[in-house]
Amino acid sequence: TEWLELISIFLKISLNVAKSLNDGVNTMITGFDGCNEIIIISSITQILLNKKYRTIEGFKDLIEKEWIEMGHQFIKRSGLIR
């Protein structure tokens, strides 16, 4: 599945986005409609930049803000519903 390589790519991109934002560079993450990759990169970047999201409560807020409100279909993608 090459998941480790994929995670490495997400971390590298997120680090580059975080560095750009930290340097005051306006940055936009784009992708195809419904792409999990954009939400993953955005979430990792926010965890890198804001220590609030590194707490349990902050992480729950991040999941709600970035994943649930954006309509991610956790149950459907988990394979629990056919």
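Parameters at a glance
- Residues numbered from 1 in each chain as written.
- Predicted model: local features only at pLDDT ≥ 70, side-chain atom pairs only at ≥ 80, totals over all residues.
- Heavy atoms only, no water.
- Patch = residues over 30% accessible without salt bridge, like charges linked within 9 Å, V, L, I, M, F, W, Y side chains within 5 Å.
- Areas by Shrake-Rupley, 256 points an atom, 1.4 Å probe, with all protein chains shown as cover.
- Salt bridge = Lys/Arg side-chain N within 4 Å of Asp/Glu carboxyl O.
- Helix = DSSP H or I, 4+ residues; strand = E, 2+ residues; numbered from the N terminus.
- Buried < 20%, exposed > 50% of the residue type's maximum accessible area, 1.4 Å probe, protein only.
- pLDDT = per-residue confidence, 0-100.
- Polar contact = N/O pair within 3.5 Å; in protein donor to acceptor, adjacent residues only side chain to side chain.
- Axes fitted to C-alpha atoms, helices over the stretch in contact; angles between N-to-C directions.
- Parallel < 35°, antiparallel > 145°, perpendicular 65-115°, else oblique.
- Left-handed = near helix turned anticlockwise from the far one by under 90°.
- Contact = heavy atoms within 4.5 Å.
- Nonpolar A, V, L, I, M, F, W, Y, C, P; charged D, E, K, R; others polar.

Caption draft 1: Seen up close, a nonpolar patch on the surface. Where nonpolar side chains cluster on the molecular surface, the patch consists of W3, L4, I7 and L11 and spans about 440 Å² of accessible area. If you trace the backbone, W3 turns up in helix 1 (residues 3-22). Judged by its relative accessible area of 54%, W3 falls in the exposed class.

Caption draft 2: A look at the confidence of the model for the chain. Averaged over the chain, the pLDDT score is 88; the fraction of residues at 70 or greater is 87%. Element-level pLDDT for the chain is lowest in helix 4 (residues 74-78), with a mean of 69, against a maximum mean of 96 in helix 1.

Caption draft 3: Layout of the environment of N16. Residue placement: N16 occurs in helix 1. A relative accessible area of 47% means that N16 is categorised as partly exposed. A sequence separation of 29 residues divides N16 from T45, and the C-alpha atoms of the two residues are 8.8 Å apart.

Caption draft 4: Seen up close, the environment of K65. With respect to the helices and strands, K65 occurs in helix 3 (residues 56-68). Under the relative-accessibility criterion, K65 is labelled partly exposed at 32%. Measuring from C-alpha to C-alpha, the distance between K65 and S43 comes to 9.5 Å, with 22 residues separating the pair along the chain. A polar side-chain atom of K65 sits 2.5 Å from a polar atom in the side chain of Q46. Polar side-chain contacts of K65 include one of 3.1 Å to the side chain of E66.

Caption draft 5: Representation of the packing of helix 2 (residues 36-49) against helix 3. Look at helix 2 against helix 3: their axes get within 10 Å of each other, and the N-to-C directions meet at 150°. Judged by the angle between their axes, helix 2 and helix 3 are roughly antiparallel. You can see that helix 2 and helix 3 cross each other, and the crossing is right-handed. Contacts between helix 2 and helix 3 involve N36, I39, I40, S42, S43, Q46 and I47 from the first element and F59, L62, K65, E66 and W67 from the second. Within the contact of helix 2 with helix 3, the residues separate by chemical class into six nonpolar, four polar and two charged.

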